[in-house]
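Chain residues, written in single-letter form:
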Amino acid sequence: MFQPVNAKPDLVAQEHEILAMWRERQTFARLRAQNAAGPRWSFLDGPITANNPMGVHHAWGRTYKDVFQRYHAMLGENQRWQNGFDCQGLWVEVNVERDLGFTSKRDIEAYGIAEFVSLCKQRVLTYAARQTEQSIRLGMWMDWNDPEELRRLRDMLADNPAQPATIHGVDGPVRDTAEMLVGRLGMPDVGGSYFTFSNENNDLIWGFLAECHRRGWIYKGHDTMPWCARCGTGLSEMEMNEGYAEREDPGLTVLFPIVERPGESLLVWTTTPWTLTSNVAAAVGGDLAYVRVRQGDRTFWLAKGTLRTALEGPFEVLEERPGAGLVGWHYEGPYDELPAVRSAFAAKDYRHRVVAWSEVGEDEGTGIVHVAPGCGAEDFQLGRELGLPVIAPLDESGIVVAGFGSLTGRDVRDVAEPIVEHLRHEGRFYRLEPYRHRYPHCWRCNTPLVFRLVDEWFISMGPVYDKPRSELTREEVDASLRYQIMDVVDQIRWIPGFGYERELDWLINMRDWMISKKRYWGLALPIYDCRACGRFDVVGGRDELRERAVGGWDVLEGHTPHRPYVDAVTIACASCGQPVSRIADVGNPWLDAGIVPFSTLHFREDPEYWARWYPADFITESFPGQFRNWFYSMLAMGTVLRRTCTPSSSRTHASPSGRPRRPRPARRRPLRSDRHSTAGSCRGRLPPPPRSTGVSPTSTPWRRPGRSPG
């Protein structure tokens, strides 16, 4: 009756035998048919990036997904069984660049944007096929595409994207050009996995952005942002959090001579010497104690709490006063002779001065922070509050621009040594030591980031109110997207329960959502910014774009809505009537994943189907990144479009990598909510009584990311 058990089984052979048995018996198809009339259980798959073969961490997460789906199938519940692939963004671009041996964006433009975008699509299809095969080997049950058909589409794209092609659809053959079939993957007539580069996915994001614009939440911001010089693009706050790594920088201590007090200097510390070229102010803590010390023939000021760590050798304390007593002093900057500095100061009739800043502490450095609004996110915000000049030294490749003397034309990574030599020559140098710390890197190419003054596009998250959420008026909530999302967060059951606090903590602290990238492969942002009159508009979909087009539609027709073809379309400005081109930027890739509860559930083409399967009963992804990535983007888009939650339950699992946590910035304001709950759902189950507020015990305080100290 029983087969003999081998003491040394061939586990790989057994896997293949089971897979073959499932195929022969059509086990999965029979299960779906058996449960078709059962109660629905809606699972939404968080898309895996189709960029490389799967890793162990991918397999681990997929195991959880498969376990939950199988369990609910055993209960007789009907499911959709749709896998998802994340397709657009910098992660794909970087790998294609490496394959081609490219080193900068200029190489892409010389190669051709159309050809480069096609290679990005081909890479996605290659690894979607590979990951499908790997997932099948895991025993995961999903409505998979045939991997060979995905590879055939890839090869047809490479050969001639306009050639007619046929693929097997849900109800029979589906015919179109190779390029447009790729753009239809995951749609109802095609079936299989969803792909975030699909036409429908991109179209619905356009609609989401148009709705944000209608509410006045989209704006172009002039700000100092984290920037990857290799990739030539800014990074959003959610991307910033992914790329911190240990690195050694020069800890440089310098002197700024005080104008009103000859012979005395401010002692200032920085780990980013290149930013000294753009210094405009020196910040002190108004309530901290500062001392004047003599060391040899030099006299300088620094925070009392830093004396033992900042100074080398014996010293004598001559005077003590609070930081507020230093505010208003003027000093000589380290690079006052540079044309860029002289021009910026002359435009505002400005002189270097000491300012008070609540962010200054004594944990490291000298307790006096050099402020360069063109080189740091916090510096820029302080400069905006105080009306300080802004000096921006870098271009998009991290090269020092004109106006910076002998440093002009040099890579930012190569200017530390000449800056130190300049300071020595001018008598401004005090000390140089290695400083090891965690510093933000590009999460895809691992290049250390710089902070650069740029124009980017944002979705406003709205104000933060300094009072309990229960006391907010409806008008106040309607004016702040972050609080609207919090109301939706309340409706979700978070597993484990501290996920609730994590999500609220992210929402209360996050800045406005930067949605633009100066790249090539991704969502074409549908923003049309009129240079003639200054008005901008956001187009809500390809149908609207066709209706409003005054030129270039013939170039886009027959292509998916990607660069460079979509760039050719112009519309008439609604204000002045002038022809307007689309901005060249592509979108933040988390827009792609956030819209999938609408695009994959056929929100537009089959509203009844969408209403049946939305919201999802369950999602699961890795902790902690998805609280600020996929979960957040789904919550934001679901809130804007329907003011409802995307999942009823959200489960996370921790990363097995053992990677140390980076420090977290302190909360900007107290959360002070009396509505905290860890369970509940969009289906009417009552949440438990309110729990205590605050960050989960598993959290640690952290410092908001920005330019290195000093």
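Above: the structure in question.
Described in the following lines is the structure provided in the data block.

Analysis parameters
Residues numbered from 1 in each chain as written. Predicted model: local features only at pLDDT ≥ 70, side-chain atom pairs only at ≥ 80, totals over all residues. Heavy atoms only, no water. Pairing = 2+ DSSP bridges. Helix = DSSP H or I, 4+ residues; strand = E, 2+ residues; numbered from the N terminus. Contact = heavy atoms within 4.5 Å. Axes fitted to C-alpha atoms, helices over the stretch in contact; angles between N-to-C directions. Core = buried A, V, L, I, M, F, W, Y, C linked by side-chain atoms within 4.5 Å. Buried < 20%, exposed > 50% of the residue type's maximum accessible area, 1.4 Å probe, protein only. Salt bridge = Lys/Arg side-chain N within 4 Å of Asp/Glu carboxyl O. 1 Å grid on protein atoms, 1.4 Å probe; cavity = no way out; pocket = protein on both sides within 12 Å on 5 of 7 lines; lining within 4 Å. Points joined across faces, edges and corners; volume = space filled by probe spheres on them. Nonpolar A, V, L, I, M, F, W, Y, C, P; charged D, E, K, R; others polar.

## Looking at the sheet that holds strand β17 (residues 450-459)
Point 1. Strand order across the open sheet formed by 4 strands is β7-β6-β17-β19, with antiparallel pairing between neighbours. Of all the strands in the sheet, just β7 (233-234) and β19 (513-514) have a single pairing partner and so form its edges.
Point 2. Looking at chain direction, β17 and β19 are connected through 2 bridges and run antiparallel. Each bridged residue has a counterpart across the sheet, and for Phe 458 the counterpart in β19 is Met 514.
Point 3. This element, helix α13 (residues 377-386), spans β6 (218-228) and β17 of the sheet and lies at about 140° to β6.

## Some details on the nonpolar core
Point 1. Counting 119 residues, the largest nonpolar core has Phe 195, Phe 208, Leu 209, Ile 459 and Leu 545 as its most contacted members.
Point 2. Ranked by the residues each element gives to this core, the list is headed by helix α23 (residues 630-642), at 9 residues.
Point 3. Ignoring anything within four residues of it in the chain, the contact list for Phe 208 reads Ile 459, Leu 591, Ile 595, Ala 636, Met 637, Val 640 and Leu 641.
Point 4. In this structure, Ala 303, Ala 344, Tyr 350 and Ile 391 belong to the second largest nonpolar core, which totals 55 residues.

## Side note on the pattern of salt bridges
Point 1. Taken as a whole and judged by the stated rule, the model has 50 salt bridges.
Point 2. With a closest N to O distance of 3.2 Å, Glu 320 and Lys 304 form a salt bridge. Of this pair, Glu 320 sits in strand β13 (residues 316-322) while Lys 304 sits in the loop between β12 (298-303) and α11 (307-310); the two residues are 16 residues apart in sequence, bridging distant segments of the chain.
Point 3. Owing to a relative accessible area of 47%, Glu 320 belongs among the partly exposed residues under this scheme.
Point 4. Assessed through its relative accessible area of 42%, Lys 304 is described here as partly exposed.
Point 5. Note that Arg 582 is salt-bridged to Asp 567, the shortest N-O span being 2.7 Å. Taken as a pair, Arg 582 in the loop between β25 (579-581) and β26 (586-587) and Asp 567 in the loop between α19 (553-556) and β24 (570-572) lie far apart in primary sequence, 15 residues in all.
Point 6. Looking at Arg 582, the relative accessible area reads 7%, which means it is buried.

## Notes on empty space enclosed by the protein
Point 1. Under the counting rule described, the total for this entry stands at 7 cavities of 30 Å³ or more.
Point 2. Reported here for the largest cavity is a volume of approximately 50 Å³.
Point 3. Around the largest cavity, the lining comprises 14 residues; the ones closest to its centre are Gly 89, Trp 521, Gly 522, Val 586 and Gly 587.
Point 4. Counting residues per element, the ones that place at least two in the lining of the largest cavity are α4 (90-100), β26 and α20 (589-594).
Point 5. Looking at the lining of the largest cavity, its residues break down into 5 nonpolar, 5 polar and 4 charged.

## So, the environment of Thr 447
Point 1. Within the element layout of this structure, Thr 447 appears in the loop between β16 (429-440) and β17.
Point 2. We classify Thr 447 as buried; its relative accessible area is 12%.
Point 3. Distance in space between the C-alpha atoms of Thr 447 and Trp 227 is 9.7 Å, their sequence separation being 220 residues.
Point 4. Those residues within four positions of Thr 447 in sequence are excluded, and the remaining contacts are Cys 228, Arg 230, His 441 and Cys 442.

Just geometry here; none of it tells us what the structure is for.
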